[in-house]
Each structure stands twice: as C-alpha cells, then as structure tokens.
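# Chain and residue survey
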Amino acid sequence: MQDLFRKLLNYAVMAPSSHNTQPWLFRLLEDGVEILADRTRALPVVDPEDRELTMSCGALLYHVRLGMRVHGLADRVERAPEPEARPDLLARVHAAGAHAATPAEKALFEAIPARHTFRFPFEMRIVPGPVIDELRGACEQEGAAFHLAPDEQRQALAQLVMEGDRRQGADKRFRRELASWLHNNRTHSHDGIPGYAMGASEWASYVTPFVVRTFDWGTAQAIDDRKLMEGSPVLAVIATEHDATRSWLHAGEALARVLLRAQQEGLSASYLNQPIEVDDLRPKVAALLGIQGSPQLLLRIGYGQTGRSTPRRAAAQLILP
Ligand SMILES: Cc1cc2nc3c(=O)[nH]c(=O)nc-3n(C[C@H](O)[C@H](O)[C@H](O)COP(=O)(O)O)c2cc1C
C-alpha cells in the first residue's frame, strides 16, 4: 500500500499552491498518508493566517483522494483531526475498502499533468451554460459554493480587484515577499514562479524580481487586470460557510476539482484574489455577490492555450520518516 501512496504523491504535488510554495509534507501510514503543513513556506504578508497555505494543501488533498479512487481505493479523510495537539496535521487520509473508478474520475485524474495556471488573455468564446453548471457541481461536491459574477456586477468586481492591485503594489513588504518567489526562465529552483508563467521573455525574466521588489506597479497591474477581467467569460468566487482550517481545506479541494474539470473541457483558469487577500475589501466582495459566508478565491476561467508546467519538488523528498 505504501508503494501506491508514494506513486500517488507524485501526482498530488502537481497541485497548484500560492506562489508555488508547495507548503506540504507527508508521513506514510499503514493504510494511507498524513498531509502536514510546512509553515516554513508560509507567506506572512499576503497570507498572515495561512488561509491560502491551507487551501494549497487542500488542493493537494483532492489530488490524493482522486488518485486513490482511480487506483481502486475508497478514501476516508479526517480533516484537521488534532487541531490543538498537532495543528500542522491538516489531513489524515485512509484507504477505506475497494472502489470501482468511474470514467469521470479517470478523466479528471488524467487532467492532472495538463493543468497549468494560464494568466494571459482568453479567446473571445463564451463558456456554455451546461459547462458552467459542471464547474459549479464540481465545487459544490467538495463542500464549497461557486458564485458566478453576474454581468451587472462585473464592473464593480473589477474595481475591487484594481483597488487590491493598487494596495498590494504600494506595499513594500508585499512586493518583497512576492519577488522572493519569482525566478528567471532558466531557474534550477524546484519551487516559485518562473518568469515564463507570467509572460516574461528570457531577458525580462532576469529583471522581473528586481522590478517587482523595487517599484510600485499597482496602477499598471490594475489596468492589466481590468482588461483581463473584461475578456474573461467566467468570473467566479469559491466561498465557504465558515472561515477556518476545515473550510479552507474544502475550498482547496473544490479549487482542484474545478480546475481539473475545467481542464477536461479545454478551459484554463487563473486567479484574481487581490480583493479577498486585502482585509477590508473581502467583505465588499461578499456583499457585492450576495455571499453569506466567506469568499476564498476569485477565478477567471475561459478558453486559452495550453500553459507551461512550473517546477515541483520531488514528492519522495517530502516524506518524513
Ligand atoms: C490558494 C492559491 C492562491 C493562488 N493565488 C494566486 C494569485 O493570486 N495570483 C496568481 O497569479 N496565481 C495564484 N495562484 C496560482 C499559483 O501561483 C500556481 O498554482 C503556482 O505558481 C503553480 O503553477 P501551476 O498552477 O501552473 O501548476 C494561487 C494558487 C493557489 C492554490
């Protein structure tokens, strides 16, 4: 069983994570695996409560569960089982008998290596209603809500994203933290974001970290993001009823499932989380879209080209003794 879990972890680590920090560690069990938060990889400025860190681990958790099901095992998950004694233990996943993989599960699993964040303009093609319903279903099945931004709220949502951009761009600590995870296109680093994932040419990728760290680029970013939003057929917020560890895990699981379902439909996605990351803008996102609980992620989804993969640390090196 441990050999299977070692193999599944290679797929699990392809999950998205904020700034590609890959903030996870593992411990193999007789019948499964523990997923632990690696808080040395936290982002204290943009993510002071480790909310996005926990969602990243939730995305990885979904990959583990999906892999198990495709390999004939039902999964039983304990989320944050020992919050006082072991707060870093985010999930304990157990094999729970046999499971006959469905074609839908196999297709989702096959989408794992092909899914990449796509931060560029989409084609001018609408996403059909039934496909959006599939994405909503994927999200809800993982215990999170999928709030589509209606046409009449798009403008106001774009204003909140732009305000988030301006605030983050003006914040030296935010810029320094982001720059420390940006790498050039020839990086040998196994984490962080290479310039090509943000559209930087070979040359530009060498200066991007310096520029990001040094200058207030908030207004320029706001203009770019407004254009991206105008050309995005789907803008949707993933939200949860509560705002604590277990909900964050569910939000991450929902994110992974939505992204894989989107990938299967030939859709790409990227993030516009700025107004959810800036404390006083978050309730405004909730109010605008009539969200009762807590907004967790803002996604733009549409038809783009296939993105390029970003580096990962080898799963085998992240398994604790
Ligand atoms: C919780 C979470 C938050 C993220 N927030 C952003 C974001 O605000 N902006 C962005 O461009 N990418 C964001 N990302 C995407 C990551 O940067 C991306 O997953 C990572 O660089 C790995 O690249 P990949 O998704 O192409 O595999 C986020 C991912 C996660 C899981």
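Counting starts from 1 at the beginning of each chain's written sequence and moves along it residue by residue. At least 70 in pLDDT is required for a residue's local features to be given in this predicted model, at least 80 for side-chain atom pairs to be given and counted, and no such filter applies to totals for whole chains, interfaces and linings, which use all residues.

## Points about the nonpolar core
Core analysis: the biggest nonpolar cluster contains 73 residues, and Ile35, Cys57, Leu60, Cys139, Ile238 and Leu255 have the highest contact counts within it. Among the elements that make up this core, the one with the highest residue count is helix α2 (residues 51-70) (11 residues). Each of domain 1 (2-115) and domain 2 (129-302) contributes no fewer than three residues to this core. We call a set of buried Ala, Val, Leu, Ile, Met, Phe, Trp, Tyr and Cys residues a nonpolar core when their C-beta atoms link them within 7 Å. We call a residue exposed when 12 or fewer other C-beta atoms sit within 10 Å of its C-beta, buried when the count reaches 20 or more, and partly exposed for counts in between; the C-beta positions come from the backbone. Core analysis: the second largest hydrophobic core is formed by five residues, Leu182, Ile193, Ala197 and Val212 among them. Helix and strand definitions follow DSSP, with helices as H or I runs of at least four residues and strands as E runs of at least two, each counted in order from the N terminus. For each domain, the first and last residues come from an automatic or database assignment.

## Topic: the environment of glutamate 134
Relative to the assigned elements, glutamate 134 resides in helix α4 (residues 129-141). Using a count of 17 C-beta atoms within 10 Å as the deciding quantity, one classes glutamate 134 as partly exposed. For the pair glutamate 134 and glutamate 265, spaced 131 residues apart in the sequence, the C-alpha separation amounts to 9.8 Å.

## Here we look at the packing of α2 against helix α3 (residues 103-110)
Where α2 meets α3, the axes come as close as 9 Å, and the angle between the chain directions of the two elements is 130°. Relative to α3, the element α2 is oriented oblique. Helix-helix and strand crossings are classified by hand; for α2 and α3 the assignment is left-handed. In contact with Leu66, Gly67, Arg69 and Val70 of α2, α3 contributes Glu105, Lys106, Leu108 and Phe109. Amino acids outside the nonpolar list (Ala, Val, Leu, Ile, Met, Phe, Trp, Tyr, Cys, Pro) and the charged list (Asp, Glu, Lys, Arg) are all regarded as polar, and Gly is one of them. A class-by-class count of the residues in the contact of α2 with α3 yields four nonpolar, one polar and three charged. Throughout, an axis means a line fitted to C-alpha atoms (over the contacting stretch in the case of helices), and angles, computed between N-to-C directions, take values from 0 to 180 degrees. With respect to orientation, any angle under 35 degrees is reported as roughly parallel, any angle over 145 as roughly antiparallel, any angle of 65 to 115 as roughly perpendicular, and every other angle as oblique. We call a crossing left-handed when the near helix sits turned anticlockwise from the far one by less than a right angle, and right-handed when that turn is clockwise. What counts as a contact is two residues whose backbone-derived C-beta atoms lie within 7 Å of each other.

## Observations concerning the site of the ligand
Nearness here has a simple definition: the residue's C-beta atom, placed using the backbone, must lie within 6 Å of the molecule or strand. Inspection of the region around the ligand gives 18 residues, with Pro16, Asn20, His116, Thr117 and Tyr271 positioned closest. Looking at the shell around the ligand, the elements with two or more residues in it are α2 and β9 (268-271). Sort the elements by how many residues they give to the shell around the ligand and α2 lands first, with four residues. Along the lines of polarity and charge, the residues of the shell around the ligand split into five nonpolar, 11 polar and two charged.

## Here we look at the sheet that holds strand β1 (residues 24-29)
The sheet built from four strands is open, its strands ordered β1-β2-β4-β3 with antiparallel pairing. Edge strands, defined here as strands with exactly one partner in the open sheet, are β1 and β3 (73-79). Taken over all neighbouring pairs, the strand axes of this sheet differ in orientation by 20° on average, direction set aside. Here, a strand pair is defined by DSSP locating no fewer than two bridges between the strands.

## Quick notes on the domain arrangement of the protein
Considered domain by domain, the protein is made up of domain 1 (2-115) and domain 2 (129-302). Only α2, β4 (89-98) and α3 provide two or more residues apiece to the side of domain 1 that touches domain 2. Ranked by the residues each element gives to the side of domain 1 that touches domain 2, the list is headed by α2, at 10 residues. In terms of residue class, the side of domain 1 that touches domain 2 is built from 19 nonpolar, eight polar and three charged.

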